[in-house]
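Here are the chains, one letter per residue:
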4 protein chains.
Amino acid sequence: MFELDPTDPTPLYAQIERAIRLAIATGRLKAWDQLPTVRQLAVDLRVNANTVAKVYGELERAGIVETRRGVGTFVRQVTGTSFSGPDRERRLAALVDRFLTETAELGVPLDEAIAFLQNRRKHGRTSAG
Amino acid sequence: MFELDPTDPTPLYAQIERAIRLAIATGRLKAWDQLPTVRQLAVDLRVNANTVAKVYGELERAGIVETRRGVGTFVRQVTGTSFSGPDRERRLAALVDRFLTETAELGVPLDEAIAFLQNRRKHGRTSAG
Amino acid sequence: MFELDPTDPTPLYAQIERAIRLAIATGRLKAWDQLPTVRQLAVDLRVNANTVAKVYGELERAGIVETRRGVGTFVRQVTGTSFSGPDRERRLAALVDRFLTETAELGVPLDEAIAFLQNRRKHGRTSAG
Amino acid sequence: MFELDPTDPTPLYAQIERAIRLAIATGRLKAWDQLPTVRQLAVDLRVNANTVAKVYGELERAGIVETRRGVGTFVRQVTGTSFSGPDRERRLAALVDRFLTETAELGVPLDEAIAFLQNRRKHGRTSAG
DNA sequence: GTGGTCTAGACCACG
DNA sequence: GTGGTCTAGACCACA
């Protein structure tokens, strides 16, 4: 499904939550799809089950998934943009900053990077993850 | 210079480090520019001086800045690792794909993302999240 | 495991780091051995836990150990940078010359120094100065 | 005369003191030779004059050099081994530990390193430093 | 119980 | 005044 980056200082639970939100936002997980069980995902990610359970709990409190006892955890009807106002702004800034830093470190001029972006977009090449 | 986002699960020191790397990578801090003093930046960001010191230490071990004892901390000459050929191409593609995926997640149209990129590059204000 | 020398101007964290690198380099700590816990080593050496944590952090960023969150810190597989040819020769010569010079400074005859080397290699007790 | 290693966590004053003791012990500086002036050495090492002055002061208190006002600083008659008992032991251990660590990291077996040592010694090749 | 982050505050090395 | 080292101690993430 996805992988964790142990070198990222971001806590595991935040990495997991982000990845699930991403999967939903990009449509890889659709409404009423079932999420992996806590234990299964814990095994896949080589993480303690408590960590996954914490994430599912937070997603449920956020109204993004729904847990039916004894059945499983499911994606709820997507209400709209999953990120709102200031949060959206903040995340966009973070994305853009990282992109600028990494292209600059690669020695790629911004113009070239943008051209690459547009080109890549046209050919429909995105790998979700 | 930049701001921290206390709601971001990313540790403060990592937010600070990212912001400084960004400033250097984008040329807002140039070779041999002096960084703010540890204590000054700590005051500006309202964090403990040790937190800033930790960042400066890591940047130094990473070879990105140079500290002269009793004088201050300075941006080092960028050696330009300069990846070339297929490696550079491959890395750029990875960066771009991730950027496309993540902006899509946020529901940000590519045009808006590019505008944001260019604007941010120009005006250099960052919220280091 | 080893001892610190408080009269040595070398910072404590550097003494600790050197001792651990020595233990790994000489095979006293082997790949995937667990290091002492941060708190335990701090108690043994009578230093603050933060000081040990700093060392472990640096060793991790240097790629020498690996920490698994909530589990512990482990020696990584030695990749063996394996310098070869003239480079290896050159580096070895530099090491040897420095060693000869410095033992001469101390007035230690080469025979004694070599005996010390072999003994220390065998019994592995170090005073990390 | 010698160089400082800015990446060594050892304080500058300790590096300088060690180098001067080394020069005396190895005979590069002989009894009644004049040391460079504080200011000259400070310029050569690109260090603040206070730092050098501190070292000269300590060497004088240790009875190793003698300052004649308005004339200069001179090496005193060497009384014997410059390092005594526990200090000698400690320093030898430090030397040996570093040597073991560095050869091991180079992937040089101890036997080979010792052979190299003996060979190098025979051919009289030492560079004081 | 494991490592990691952060703070407050002392003291040192250096200019 | 600059950065660096160390301590004590709180709190967090993870197993």
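Predicted model only: the values in this text are computed from it and were never measured. (Residues numbered from 1 in each chain as written. Chains lettered and ligands numbered in written order. Predicted model: local features only at pLDDT ≥ 70, side-chain atom pairs only at ≥ 80, totals over all residues. Heavy atoms only, no water.)

(A) The arrangement of the overall build of chain A in detail. Tallying secondary structure elements over chain A gives five helices and two strands in all. The linear arrangement of helices and strands in chain A, starting from the amino end, is α-α-α-β-β-α-α. Here chain A holds 129 residues, and 40% of them are scored as buried. Restricting to contacts in chain A with at least 6 residues of sequence separation, those with at least 24 account for 55%. Accessible surface, chain A: about 7300 Å² in total, of which carbon and sulfur atoms supply 47%. (Helix = DSSP H or I, 4+ residues; strand = E, 2+ residues; numbered from the N terminus. Buried < 20%, exposed > 50% of the residue type's maximum accessible area, 1.4 Å probe, protein only. Contact = heavy atoms within 4.5 Å. Areas by Shrake-Rupley, 256 points an atom, 1.4 Å probe, with all protein chains shown as cover.)

(B) Layout of the protein's contact with DNA strand E. Taken together, 29 residues lie around DNA strand E, and Leu-12, Tyr-13 and Asn-50 of chain B together with Leu-12 and Asn-48 of chain D are the ones closest in. Taken together, the sugar and phosphate atoms account for 73% of what DNA strand E places within 4 Å of the protein. At a separation of 2.3 Å, a phosphate oxygen of DNA strand E approaches a polar backbone atom of Leu-12 of chain B. Between DNA strand E and Val-38 of chain C, the relevant distance is 2.9 Å, taken from a phosphate oxygen to a main-chain nitrogen or oxygen of the residue. Of all the secondary structure elements, the ones that give two or more residues to the surface near DNA strand E are helix H1 (12-25) and helix H3 (49-61) of chain B, helix H2 (38-45), helix H3 (49-61) and strand S3 (72-75) of chain C together with helix H1 (12-25) and helix H3 (49-61) of chain D. Top element by residues in the surface near DNA strand E is H3 of chain B. It accounts for three residues. Residues that form the surface near DNA strand E fall into these classes: twelve nonpolar, twelve polar and five charged. (Near = heavy atom within 4 Å. Polar contact = N/O pair within 3.5 Å; in protein donor to acceptor, adjacent residues only side chain to side chain. Nonpolar A, V, L, I, M, F, W, Y, C, P; charged D, E, K, R; others polar.)

(C) Spatial organisation of the interface of chain D and chain C. Contacts between chain D and chain C engage 48 residues on the former and 43 residues on the latter. Of the roughly 4300 Å² buried between chain D and chain C, counting both surfaces, carbon and sulfur atoms make up 67%. Of all residues in chain D, Arg-90, Leu-106 and Leu-117 of chain D give up the largest surface area on contact with chain C, accounting jointly for 15% of the area buried on that side. For Arg-120 of chain D, the salt bridge is made with Asp-97 of chain C, and the minimal N-O distance between the two is 2.8 Å. The interface formed by chain D and chain C contains five residue pairs in polar contact (both at pLDDT 80 or more). (Buried area = accessible area lost by both parts, 1.4 Å probe. Salt bridge = Lys/Arg side-chain N within 4 Å of Asp/Glu carboxyl O.)

(D) Representation of the domain arrangement of chain A. Each assigned domain of chain A is listed here: domain 1 (12-75) and domain 2 (85-123). Computed from C-alpha atoms alone, the centre-to-centre distance between domain 1 of chain A and domain 2 of chain A is 28 Å. (Domains from an automatic or database assignment.)

(E) Inspection of helix H2 (residues 38-45) of chain D at higher detail. Residue and element names in this part refer to chain D. All buried positions along H2 are accounted for by Leu-41, Ala-42 and Leu-45. The buried residues of H2 occupy an angular sector of 105° when the element is viewed end-on, so they sit on one face. Exposed residues on H2 whose side chains face more than 90 degrees from its buried face are Arg-39 and Val-43. On the buried face of H2, the contacting elements are H1 and H3. (Arc of directions from axis to C-beta.)

(F) A look at the protein's contact with DNA strand F. Inspection of the region around DNA strand F gives 29 residues, with Leu-12 and Asn-48 of chain A, Arg-39 of chain B together with Leu-12 and Asn-50 of chain C positioned closest. Each atom of DNA strand F within 4 Å of the protein belongs either to a base or to sugar and phosphate, the latter forming 74%. Thr-67 of chain B has a polar side-chain atom sitting 3.5 Å from a sugar or linking oxygen of DNA strand F. Asn-48 of chain C is positioned such that a nitrogen or oxygen atom in its backbone is 2.9 Å from a phosphate oxygen of DNA strand F. Every element with two or more residues in the surface near DNA strand F is listed here: helix H1 (12-25) and helix H3 (49-61) of chain A, helix H2 (38-45), H3 and strand S3 (72-75) of chain B together with helix H1 (12-25) and H3 of chain C. Top element by residues in the surface near DNA strand F is H3 of chain C. It accounts for three residues. Here the residues of the surface near DNA strand F are counted per class, giving twelve nonpolar, twelve polar and five charged.

(G) Examining the packing of aromatic side chains more closely. Applying the stated rule across the entire model yields two aromatic pairs over all chains. Stacked on the ring of Phe-74 of chain C, the Lys or Arg Arg-68 of chain C has its end atom at 4.0 Å from the ring centre. (Phe/Tyr/Trp six-rings, centres within 6.5 Å; stacked < 30°, edge-to-face > 60°. Lys NZ or Arg CZ within 6 Å of the ring centre and 35° of its normal.)

(H) Seen up close, the packing of helix H2 (residues 38-45) of chain A against H3 of chain A. All names here are of chain A. In the contact formed by H2 and H3, the axes pass within 8 Å of each other and the chain directions differ by 125°. The pairing of H2 with H3 is recorded here as oblique in orientation. Relative to H3, H2 is oriented so that their crossing is right-handed. Where H2 approaches H3, its residues Val-38, Leu-41 and Ala-42 are matched on the opposing element by Ala-49, Val-52, Ala-53 and Tyr-56. Of the residues belonging to the contact of H2 with H3, the class tally is seven nonpolar, no polar and no charged. (Axes fitted to C-alpha atoms, helices over the stretch in contact; angles between N-to-C directions. Parallel < 35°, antiparallel > 145°, perpendicular 65-115°, else oblique. Left-handed = near helix turned anticlockwise from the far one by under 90°.)

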